[in-house]
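# Working through the structure, step by step
The chain contents come next:
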Amino acid sequence: MNIVLFGPPGAGKGTQSQYLVQRYSYIQISTGDLLRNEIKKNTELGKEILAKIDAGEFVHDEIVNSLIEKIVSKKNYNNKLIFDGYPRNISQAENLDKIMLKNNQSIGAIIYLDVSRSIIEKRILGRIVCEKCNITLNEYHDQEEIEKHKCGKKYFKKRKDDNSETIMKRYDTFIKETNPLLDYYAKKPSFFKVDATAKINEISTKIAEITNV
């Protein structure tokens, strides 16, 4: 089953995606990771992407859609995909449907992680990501896990865009541009809203129940 997992920045999409990847061998498609990888290459496209992110804006749909299609077209990924933070708007959702149809696939579950703005700010300000395995932890709440992490705590870094001003811009942009997508997906029988203020393992259990993995 292919899964769409979306919600505000800091809702826990990456954490829950990693759970499904590690436990059930899913393939995570994170637009954030795809865009950051392009930035690391220091291409002209990467520079354009960085400018948008620094301004707290979303990257143009055309760029994101092309990166997504490259992944979906890989036959060995059939029915094992998690779309982490994509689509962000109705246009992207419609394009994803076209990409899936073109590759003889479909979306089995659409899961929205629901969480308030105030909680998101606290989560993101403490967020650190392992540069080796991509796991996300919080430096304020996950100190024991960070100390014992298999890759070594030295690999944990803060994302450049994880600062208070950028967080609020990203949240406001999400509300403005992505809320219509919530209304769009809420009408579908495969749509589920999950309380993302619950404990991480409780959220993981709920998602596993929804997807029947």
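Throughout what follows, the structure given in this document is the object of discussion. (Residues numbered from 1 in each chain as written. Predicted model: local features only at pLDDT ≥ 70, side-chain atom pairs only at ≥ 80, totals over all residues. Heavy atoms only, no water.)

### Focus on the state of the cysteines
Where we set the bar: The criterion for a disulfide is a pair of cysteine sulfur atoms lying within 2.5 Å. Relative accessibility under 20% of the residue-type maximum defines a buried residue, over 50% an exposed one, and the middle range a partly exposed one, all with a 1.4 Å probe and only protein chains included.
In the structure shown here, the tally under the stated rule is 0 disulfides. Unpaired in terms of disulfides, C151 finds its nearest cysteine sulfur in C130, a separation of 3.8 Å. By relative accessible area, which is 16% here, C151 ends up buried.

### Regarding the sheet that holds strand β8 (residues 191-195)
The cut-off we apply is this: Two strands are said to pair when DSSP picks up at least two bridges between them. Helix and strand definitions follow DSSP, with helices as H or I runs of at least four residues and strands as E runs of at least two, each counted in order from the N terminus. Helix axes use the C-alpha atoms of the stretch in contact, all axes being lines fitted to C-alpha atoms, and the angles between their N-to-C directions lie in the range 0 to 180 degrees. Contacts are assigned to residue pairs with any non-hydrogen atoms lying within 4.5 Å of each other.
Taken in spatial order, the 5 strands make up an open sheet running β2-β3-β1-β4-β8, and their pairing is parallel. Edge positions in the sheet fall to β2 (27-30) and β8, since each of these pairs with one other strand and no more. Averaged over neighbouring strand pairs, the angle between their axes works out to 20° when direction is ignored. In the sheet, strand β4 (residues 107-114) pairs with β8 via 5 bridges, with the strands oriented parallel. Its bridge partner lying in β8, I110 is registered against F191. Set on the sheet, helix α9 (residues 200-211) makes contact with β1 (2-6), β4 and β8; between it and β4 the angle comes to about 155°.

### With respect to the environment of G7
By secondary structure assignment, the location of G7 is in the loop between β1 and α1 (13-24). The exposure class of G7 is buried, given its relative accessible area of 4%. Taking the C-alpha atoms as reference points, G7 and D84, 77 residues apart in sequence, are found 9.1 Å from one another. Setting aside its immediate chain neighbours within four residues, G7 contacts K13, Y112, L113 and F174.

### Observations concerning the pairing of strand β5 (residues 127-130)
A two-sided burial pattern is seen for β5, the buried positions comprising R127 and V129 on one face and I128 and C130 on the other. Across 3 bridges, β5 lies against strand β6 (residues 136-138) in antiparallel orientation. Bridged to V129 within β6 is T136. The antiparallel pairing of β5 with β6 creates a hairpin that spans 5 residues between the two strands, and N134 there sits at a positive phi of about 75°.

### So, the packing of aromatic side chains
A ring pair, where both rings are aromatic, is described by two values, the distance of the centres and the angle of the planes. In plain terms, the rule: Each pair of aromatic rings taken from Phe, Tyr and Trp, with Trp reduced to its six-membered ring, is defined by centres within 6.5 Å and is described as stacked if the planes are under 30 degrees apart, edge-to-face if over 60, and tilted in the remaining cases. The criterion is that NZ of a Lys, or CZ of an Arg, lies within 6 Å of the ring centre and within 35 degrees of the ring normal, and then a charge sits over that ring.
What the rule picks out here adds up to 5 aromatic pairs. A centroid spacing of 6.5 Å and a plane angle of 40° characterise the contact between F83 and Y86, whose relative ring orientation is tilted. Owing to a relative accessible area of 0%, F83 belongs among the buried residues under this scheme. The buried category is assigned to Y86, whose relative accessible area is 0%. Each residue in the set F6, Y112, Y184 and Y185 is aromatic and connected to the rest through ring pairs, giving one cluster. The lysine or arginine in question, K80, covers the ring of Y26, its NZ or CZ lying 4.9 Å from the ring centre.

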